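Residue strings, one per chain:
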Amino acid sequence: MGQTRMSWIDRFPGLSRLPPEVRADLESGGKVVSVPAGAAVFAPGQSADNLLLLLDGVVRVQQRSDTGREVTLYRVHAGESCVLTTACMLSHEAYSADGVAETEVSAVAIPRAVFDDLTGRSPVFRAFVFAAYSRRIADLFALIDDIVFQRMDVRLAARLLELADADGVVHATHAALASELGTAREVVSRALAEFHRRGWVAQARGEVRLLGAEGLRRLARPAGDR
């Protein structure tokens, strides 16, 4: 997972166009850090002191309600940055959600002072920051649209297809899937029972095996395409 200081910047296409002097400042100011799987990357109330650019691994960003219900907002993958971190650094506000390392994570931490300096004086760096920000905001609007307007069984079918590994297995409990979709565990359990009745899935402790992926794909397909 280790990355040399002179090579990590080329993992981000928007940064590879930086002028040499700005690139040098970014390389000298950034620090490669590692986070073990399952560890907290950030938490509500914590100050956003570094912009994290992921080199390897996956970070899940989730929101928890006052009643304890969780919803997964998005995931940050290699080659991406976290929009919540960007927003907090721009506004000088604390985090309002959790970031959890789903896998072992390697990332470059860009300190606030370096972030502020390069955002102010480098159009290329500023464009990189806001392009990533705008893409993720669009994803969040799509999530809101799904939660408000999309049927839960359709959303669950799509998420199972997205989370399945190469063997067609989703390693997640009903509670974890409920967190993915922002709903109650009982709702997920009822939908999975119906999928099982149709022969689309088989369930075991902590996992769901996809047996009828085509049926799930038909259900998850936009209504106009079915």
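What you are looking at is a predicted structure, and each value in this text was computed from that prediction instead of being measured.

### Quick word on the overall build of the protein chain
Next, step 1: Regarding its fold elements, the protein chain presents 8 helices and 10 strands.
Next, step 2: Each of the three principal axes of the protein chain carries a C-alpha extent, and together these read 60 × 35 × 35 Å.
Next, step 3: Sequence-distant contacts, at least 24 apart, represent 67% of the contacts inside the protein chain between residues at least 6 apart.
Next, step 4: Put simply, the protein chain shows about 11,500 Å² of open surface, and 54% of that area lies on carbon and sulfur atoms.
Next, step 5: Side chains of the protein chain give 27 positive and 28 negative charges; the mean places of these two sets differ by 5 Å.

### Digging into the UniProt feature "domain: HTH crp-type" (unreviewed entry) in the protein chain
Next, step 1: Per the UniProt entry, the sites bearing "domain: HTH crp-type" (unreviewed entry) are residues 150-214 in this numbering.
Next, step 2: Counted over residues 150-214, helix gives 54% and strand 15%. Its end C-alpha atoms are 20 Å apart.

### So, helix 8 (residues 213-220)
Next, step 1: Regarding helix 8, the residues found buried are G215, L216 and L219. Mapping the buried residues of helix 8 onto a view down its axis gives an arc of 100°, with all of them on the same face.
Next, step 2: Next to the buried residues of helix 8 lie helix 5 (152-163), helix 7 (185-197), strand 9 (201-204) and strand 10 (207-210).

### A few points about the state of the cysteines
Next, step 1: If you walk through the whole model with that rule in mind, you get 0 disulfides.
Next, step 2: Summary of cysteine pairing: C82 is not part of a disulfide, and the nearest cysteine sulfur, belonging to C88, is at 8.0 Å.
Next, step 3: On the accessibility criterion, C82 (5% relative accessible area) is buried.

### Side note on the packing of aromatic side chains
Next, step 1: What the rule picks out here adds up to 7 aromatic pairs.
Next, step 2: Judged by centre distance (5.5 Å) and plane angle (45°), the rings of F195 and W200 are tilted. The two residues F195 and W200 agree in class, both being buried.
Next, step 3: Joined through ring pairs, the aromatic side chains of W8, F12, F115, F125 and F128 make up one cluster.

### Observations regarding helix 7
Next, step 1: Relative to the 18 Å expected for 13 residues at 1.5 Å per residue, helix 7 spans 18 Å between its end C-alpha atoms, a close match to the ideal helical length.
Next, step 2: If you check which residues of helix 7 are buried, you get V188, S189, A191, L192 and F195. Seen end-on, helix 7 carries its buried residues on one side only, within an arc spanning 170°. Exposed residues pointing more than 90 degrees away from the buried face of helix 7 are listed as R190 and R197.
Next, step 3: Close packing links the buried residues of helix 7 with helix 5, helix 6 (174-181), strand 9, strand 10 and helix 8.

### Let's talk about the UniProt feature "domain: Cyclic nucleotide-binding" (unreviewed entry) in the protein chain
Next, step 1: Mapped onto the present numbering, the UniProt feature "domain: Cyclic nucleotide-binding" (unreviewed entry) falls at residues 14-136.
Next, step 2: Secondary structure content for residues 14-136 is 35% helix and 32% strand, while the C-alpha to C-alpha distance between its ends is 15 Å.

Parameters and conventions
Note that residues are indexed from 1 along each chain, following the sequence as it is written. Whole-chain, interface and lining totals are the exception, using all residues; otherwise, since this is a predicted model, local features are given only for residues with pLDDT of at least 70 and side-chain atom pairs are given and counted only at 80 or more. By convention in this description, side-chain values take in all heavy atoms of the structure and omit both hydrogens and water. Secondary structure counts use DSSP, requiring at least four H or I residues in a row for a helix and at least two E residues in a row for a strand, with both numbered from the N terminus. Contacts between residues were defined by any pair of non-hydrogen atoms, one from each residue, lying within 4.5 Å. Residue-level accessible areas treat just the shown protein chains as cover; the underlying method is Shrake-Rupley with a 1.4 Å probe. Charge counting follows a simple rule: Lys and Arg are positive, Asp and Glu are negative, and His as well as the terminal groups are ignored. For the purpose of locating charges, the reference atoms are NZ of Lys, CZ of Arg, CG of Asp and CD of Glu. UniProt positions are given in the numbering used here, feature names are shortened, and annotations may be inferred rather than shown by experiment. In this scheme, a residue with accessible area under 20% of its type's maximum is buried, one over 50% is exposed, and one in between is partly exposed, where area comes from a 1.4 Å probe on protein chains only. Working definition: the arc comes from the directions between the helix axis and the C-beta atoms, pointing outward to the latter. Here, the term disulfide refers to a pair of cysteine sulfur atoms separated by no more than 2.5 Å. Pairing of aromatic side chains here covers Phe, Tyr and the six-membered ring of Trp, requires ring centres within 6.5 Å, and sorts the geometry by plane angle: under 30 degrees stacked, over 60 edge-to-face, intermediate tilted. By this rule the span expected of a helix is its residue count minus one, scaled by 1.5 Å.

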